Structures are given as structure tokens and as C-alpha cells.
Amino acid sequence: RHLGWSWDTVHGEARGRFDVADVEKCFRQLVDQTLELKPTVVFVSYGTNESFEGKEGLPKFEKGLERLLDALK
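A brief report on the enclosed structure follows. The model shown is predicted, which means the values in this text are computed figures rather than measured ones.

## What to know about the overall build of the chain
No. 1: Check the secondary structure of the chain and you find 2 helices and 0 strands.
No. 2: Within the chain, buried positions represent 26% of all 73 residues.
No. 3: In the chain, once contacts between residues fewer than 6 apart in sequence are set aside, the share between residues at least 24 apart is 51%.
No. 4: In the structure as shown, the chain presents an accessible area of about 5600 Å², 56% of it carried by carbon and sulfur atoms.

Here it is as C-alpha cells:
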């Protein structure tokens, strides 16, 4: 099941959600919807949108990715 949309970021910013201004709510929704499916394997593919922040944005991306992976464990 594909839960992502173009423009989604690892931080919870998501074009596919109506309350995009509430990043924390979007992040929780992504995690909750994923875990509700009880997956045995999850492919996480982020970074394209975050790459526009350049090398300076890498630490923020890495921190966000770690947070997402921890939430999906």
C-alpha cells in the first residue's frame, strides 16, 4: 500500500493532507496509518524534497529520518 504523495517530507509535511499546516498532526497520521496496516516490511523513500535545502539541510533530514524510523518500529 502506497501512503505517500509527491512533495511529502520525512518531517510530516504532506500535500495529501488537508491540515498541512499542522506538521506534527500529519506526521502522527502517517505513522498511525502505516502501523494500522501491521506491515512486516516498510519501504521508506524520502529525501528528494529535502535535498533542495542543500548540504546544510542534511542534519535536519537525518534527524527527521531517524525519528520516522523510530516511530515505525
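## Focus: the environment of V23
No. 1: In this fold, V23 is placed in helix α1 (residues 23–36).
No. 2: The partly exposed category is assigned to V23, whose relative accessible area is 29%.
No. 3: Between the C-alpha atom of V23 and that of G12, which follows or precedes it by 11 residues, the distance is 5.1 Å.
No. 4: Excluding its chain neighbours within four sequence positions, the residues that come into contact with V23 are H11, G12 and E13.

## What about the nonpolar core?
No. 1: Counting 7 residues, the largest nonpolar core is built from V10, F27, L30, V31, F61, L68 and L72.
No. 2: Residues within four places of F27 in sequence aside, it is in contact with V10, H11, G12, R67, L68 and A71.

## Overview of the environment of L69
No. 1: The residue L69 is located in helix α2 (residues 58–72) in this model.
No. 2: L69 gets classed as partly exposed once you look at its relative accessible area, which sits at 39%.
No. 3: Separated by 59 residues in the primary sequence, L69 and V10 place their C-alpha atoms 9.7 Å from one another.

## Concerning the pattern of salt bridges
No. 1: Scanning all chains against the criterion turns up 3 salt bridges.
No. 2: Between E24 and R67 there is a salt bridge, with the nearest N and O atoms lying 2.6 Å from each other. Placement of E24 in helix α1 and of R67 in helix α2 is noted, with a sequence separation of 43 residues between them.
No. 3: Taking relative accessible area as the criterion, R67 reaches 35% and is therefore assigned partly exposed.
No. 4: Residues R28 and D32 are paired through a salt bridge, measuring 3.3 Å at the closest nitrogen-oxygen approach. Remark: D32 and R28 occur in helix α1; sequence separation between them is 4 residues, near one turn of the helix.

Rules used throughout
- Residues numbered from 1 in each chain as written.
- Predicted model: local features only at pLDDT ≥ 70, side-chain atom pairs only at ≥ 80, totals over all residues.
- Heavy atoms only, no water.
- Helix = DSSP H or I, 4+ residues; strand = E, 2+ residues; numbered from the N terminus.
- Buried < 20%, exposed > 50% of the residue type's maximum accessible area, 1.4 Å probe, protein only.
- Contact = heavy atoms within 4.5 Å.
- Areas by Shrake-Rupley, 256 points an atom, 1.4 Å probe, with all protein chains shown as cover.
- Core = buried A, V, L, I, M, F, W, Y, C linked by side-chain atoms within 4.5 Å.
- Salt bridge = Lys/Arg side-chain N within 4 Å of Asp/Glu carboxyl O.

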